[in-house]
Amino acid sequence: MDKKFRLALIAASCTALLAGCAGPSETLKPSKHNVDVRKKICVLPDDAKRKEAYNRVIEGLQEKGFTNLEEKSNMKIDDCYYVMSCQSASEWGMSNFTTQIHLKLFEKGNVISEAHYTHSNNATFDKYINTKEMVNKMLNGMMPNTKKLKSRYQ
C-alpha cells in the first residue's frame, strides 16, 4: 500500500472513531417573558413509541405549578394560552436510553422558548441519563421565572 494512502486511511479511521465518541449536545433558548403558571397550557402528544420524556414533561409542568394542563392532539394553536411540544427518541445500547428531546413552548401561537438535547449511540456511558432530571433541566432553562425543579444536570 502507498504510504500516503495508509496515512489517509488511518486519519479517516481516527476521525470516524472520535466522531462516534461525541458526547451530548444541548441548546437552549430561554423565554424572555415571565411564564404565568396560572394560564392554560396544552401539551401536544409525542410521536415516539417510548413516552419517557413526554411523561416527564407532564410531571415537570405540574411540579412547576401548572394546574390548568390539558393533553391535546387535535387543536387549533389558539385553543390554549401556552402550548408545549415534546418530541423525543430513544435507542438500545445495552439498555434503552434517550437519544433526543426537543421541547418548544408557544405563547399565543408564537415560539417563546425552545430546548434540545441529543446524544449519539456511542461507546461511552454518558449517554445513560436520568430522563426526568434532564427534562427538569430543560424546563428550568426554558421558564427561568417559574419554580426550579430538581436536576443533577444544572
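This text follows the structure it describes.
Residues numbered from 1 in each chain as written. Predicted model: local features only at pLDDT ≥ 70, side-chain atom pairs only at ≥ 80, totals over all residues. Heavy atoms only, no water.

1. Regarding the packing of helix H2 (residues 52-64) against helix H3 (residues 131-142)
Packing of H2 against H3 leaves a shortest axis separation of 9 Å and a crossing angle of 50 degrees. If you check the angle between H2 and H3, you find them oblique. Relative to H3, H2 is oriented so that their crossing is right-handed. For the pair H2 and H3, the contacting residues are Glu52, Ala53, Arg56, Val57, Glu59, Gly60, Leu61, Glu63 and Lys64 in the first and Thr131, Lys132, Val135, Asn136, Leu139 and Asn140 in the second. Of the residues belonging to the contact of H2 with H3, the class tally is 5 nonpolar, 4 polar and 6 charged. (Axes fitted to C-alpha atoms, helices over the stretch in contact; angles between N-to-C directions. Helix = DSSP H or I, 4+ residues; strand = E, 2+ residues; numbered from the N terminus. Parallel < 35°, antiparallel > 145°, perpendicular 65-115°, else oblique. Left-handed = near helix turned anticlockwise from the far one by under 90°. Contact = heavy atoms within 4.5 Å. Nonpolar A, V, L, I, M, F, W, Y, C, P; charged D, E, K, R; others polar.)

2. Considering the environment of Tyr54
Inspection of the secondary structure assignment puts Tyr54 in helix H2. Look at Tyr54 and you get buried, because its relative accessible area is 7%. Separated by 81 residues in sequence, Tyr54 and Val135 place their C-alpha atoms 8.9 Å apart. Once you skip the residues sitting within four places of it in the chain, Tyr54 turns out to touch Val43, Leu44, Pro45, Asp46, Glu71 and Cys86. (Buried < 20%, exposed > 50% of the residue type's maximum accessible area, 1.4 Å probe, protein only.)

3. With respect to the state of the cysteines
Under the defined criterion, the tally for this structure stands at 1 disulfide. Between the sulfur atoms of Cys42 and its disulfide mate Cys80 the distance is 1.6 Å. Taking the sign of the S-S torsion, about -40 degrees here, the bridge from Cys42 to Cys80 comes out left-handed. Placement of the pair is Cys42 in strand S2 (residues 41-44) and Cys80 in the loop between strand S3 (69-71) and strand S4 (82-93), with a sequence separation of 38 residues. The same class applies to Cys42 and to Cys80, which are both buried. (Disulfide = S-S within 2.5 Å.)

4. Examining H2
Note: α-helices contain 3.6 residues per turn, so residues at a spacing of three or four share the same orientation. Across its 13 residues, H2 extends 18 Å between first and last C-alpha, which sits within 8% of the 18 Å expected from 1.5 Å per residue. Along H2, the positions that sit buried rather than exposed are Ala53, Tyr54, Arg56, Val57, Ile58, Gly60, Leu61 and Lys64. Directly after H2, the chain includes Gly65, whose backbone phi takes a positive value near 115 degrees. (Expected span 1.5 Å × (residues − 1).)

5. Focus: the pattern of salt bridges
Applying the stated rule across the entire model yields 10 salt bridges. Between Lys40 and Glu70 there is a salt bridge whose closest N-O contact spans 2.9 Å. Highlighted residues: Lys40 in the loop between strand S1 (25-29) and S2 and Glu70 in strand S3, separated in sequence by 30 residues. Note on Glu70: relative accessible area 30%, which makes it partly exposed. Put simply, Arg56 and Glu59 hold a salt bridge, and the shortest N to O gap is 2.7 Å. (Salt bridge = Lys/Arg side-chain N within 4 Å of Asp/Glu carboxyl O.)

6. Here's the deal with the environment of Val43
One can find Val43 in strand S2. Placed 27 residues apart in sequence, Val43 and Glu70 show a C-alpha to C-alpha distance of 6.3 Å. Aside from chain neighbours lying at most four places away, what touches Val43 is Tyr54, Ile58, Leu61, Leu69, Glu70, Glu71, Lys72 and Met84.

7. With respect to unusual backbone geometry
Its identity is not glycine, yet Lys108 carries a phi of approximately 50 degrees, on the positive side. Structurally, the position occupied by Lys108 is in the loop between strand S5 (95-107) and strand S6 (110-118).

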